[in-house]
Amino acid sequence: MKRVVTILSVFAGNTISALGIGGFLIPAGMMMGGATGIGLAVNHYTGIPVSAVLAVLNVVLFLAGAAILGRAFALMTIISTFYSPLILEVVQQTVPAGLTEDKMLAAVIGGLLVGLGMGLVLRVGASTGGMDIPPLILKKKAGIPVGISMYVFDFCILIVQALFAGLEKMLYSVILIIIYTVVIDKIMTIGTSQMQVKIISGAYETINRRIQEKLDRGTTFVSIKGGYLGQESYEIMTVLNARELPKLSSLVMECDPKAFMIVNRVNEVRGRGFTLGKRFLEKTETN
């Protein structure tokens with residue numbers, strides 16, 4: 001089932017991304033990074049369709065990645081490598097004039113669609129192919145962080161396009177890049193962010209028991225010492241989703257209206273009760 005979900009997510013992500021690129025960004029003449037940006041530059045100077053450039057570039061980079069990064073990488077990338085240029089060509093043939101003539105609307109909607117599509121692919125651990133591959137190769141061979149090399153590649157690609165796109169399109173493209181970067185980040189963290197709560201109270205034993213009984217959440221005691229009175233006590237730490245936070249606050253206030261609570265949002269939580277199923281351990285007494 002996990003493999004089926006991964007495959008469907010890769011197809012859906014590439015389709016949504018192609019709709020944003022072919023239906024909004026290319027007709028509006030937007031600048032883009034990555035393999036699509038290279039395709040736009042080649043298309044401007046030679047007239048070769050972006051989908052054709054993307055197909056050749058994807059295949060070359062895929063073969064290089066498979067040879068250097070291994071079989072597992074190849075299996076995760078092969079769908080995007082061959083499907084993305086195909087579906088992009090279908091979108092361009094279906095709506096050759098684009099879905100809007102408003103450049104700002106094209107930047108916003110196109111950015112949302114590209115971010116959503118790429119986010120779906122990356123979320124399941126797959127690769128979108130293309131210019132994702134050189135940074136991964138540099139990371140393995142030279143130890144260069146993926147983020148740094150990716151930014152360098154995208155900057156160089158944008159500079160090449162800026163030579164013919166003009167200042168106005170470059171500014172629209174900055175908006176586009178910001179939008180799809182934020183959307184990718186949000187898609188990657190949907191469902192994984194949780195709330196970490198730290199509770200300091202003299203009634204820590206009662207609060208701890210009620211959290212376990214009423215919220216069915218695990219807790220951890222952290223030994224603390226007050227900075228003013230110097231009293232030693234325990235802090236309760238627990239992690240739960242945002243919808244459970246009001247119930248926890250009410251529960252704590254019922255036990256101790258003067259309790260001190262610290263609430264932080266964490267991007268991802270792994271372990272029992274979150275990425276693993278709950279498995280209750282029997283309490284044992286030790287002498």
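Thresholds, definitions, all that
Residues numbered from 1 in each chain as written. Predicted model: local features only at pLDDT ≥ 70, side-chain atom pairs only at ≥ 80, totals over all residues. Heavy atoms only, no water. UniProt positions renumbered as here; feature names shortened; annotations may be inferred. Patch = residues over 30% accessible without salt bridge, like charges linked within 9 Å, V, L, I, M, F, W, Y side chains within 5 Å. Areas by Shrake-Rupley, 256 points an atom, 1.4 Å probe, with all protein chains shown as cover. Salt bridge = Lys/Arg side-chain N within 4 Å of Asp/Glu carboxyl O. Helix = DSSP H or I, 4+ residues; strand = E, 2+ residues; numbered from the N terminus. Buried < 20%, exposed > 50% of the residue type's maximum accessible area, 1.4 Å probe, protein only. Arc of directions from axis to C-beta. Contact = heavy atoms within 4.5 Å. Expected span 1.5 Å × (residues − 1).

- Under an unreviewed UniProt entry, the name given to the protein chain is YitT family protein, and the organism recorded is Candidatus Lachnoclostridium pullistercoris.
- The UniProt entry for the protein chain carries the following comment under Subcellular location (unreviewed entry): "Cell membrane".

### Details of a nonpolar patch on the surface
- The grouping of Leu167, Met170, Leu171, Val174, Ile178 and Val182 at the surface amounts to a nonpolar patch, some 530 Å² of accessible area in total.
- Turning to its location among the elements, Val174 is positioned in helix α8 (residues 167-189).

### Some remarks on the UniProt feature "transmembrane region" (unreviewed entry) in the protein chain
- According to UniProt, the positions carrying the feature "transmembrane region" (unreviewed entry) are residues 42-65, 72-92, 104-122, 142-164 and 170-188.
- Along residues 104-122 the backbone is 100% helical and 0% strand, and the end-to-end C-alpha distance reaches 26 Å.
- Annotated as 100% helix and 0% strand, the span residues 170-188 places its first and last C-alpha atoms 27 Å apart.

### Points about helix α10 (residues 245-255)
- Those residues of α10 that sit buried are Leu245, Leu248, Leu251 and Val252. Taken down its axis, α10 places every buried residue within 125° of arc, on the same side. Away from its buried face, by an angle of more than 90 degrees, α10 presents the exposed residues Pro246 and Glu254.
- Turning to α10, the residues buried within the fold contact β1 (194-200), α9 (204-215), β3 (232-240) and β4 (260-266).

### Quick notes on α8
- Taking 1.5 Å per residue as the helical rise, α8 with its 23 residues ought to reach 33 Å, and the 34 Å between its terminal C-alpha atoms agrees with that figure.
- Residues Tyr172, Ser173, Leu176, Ile179, Tyr180, Val183, Ile184 and Ile187 constitute the buried set of α8.
- Turning to α8, the residues buried within the fold contact α1 (2-25) and α5 (103-123).

### With respect to the pattern of salt bridges
- Tallied over the full model, the rule gives two salt bridges.
- For Arg210, the salt bridge identified is with Glu254, shortest N-O distance 3.2 Å. Taken as a pair, Arg210 in helix α9 and Glu254 in helix α10 lie far apart in primary sequence, 44 residues in all.
- Residue Arg210 is classed as partly exposed on the basis of its relative accessible area of 23%.
- For Arg217, the salt bridge is made with Glu244, and the minimal N-O distance between the two is 3.1 Å. Of this pair, Arg217 sits in the loop between α9 and β2 (219-225) while Glu244 sits in the loop between β3 and α10, and the two are 27 residues apart along the sequence.

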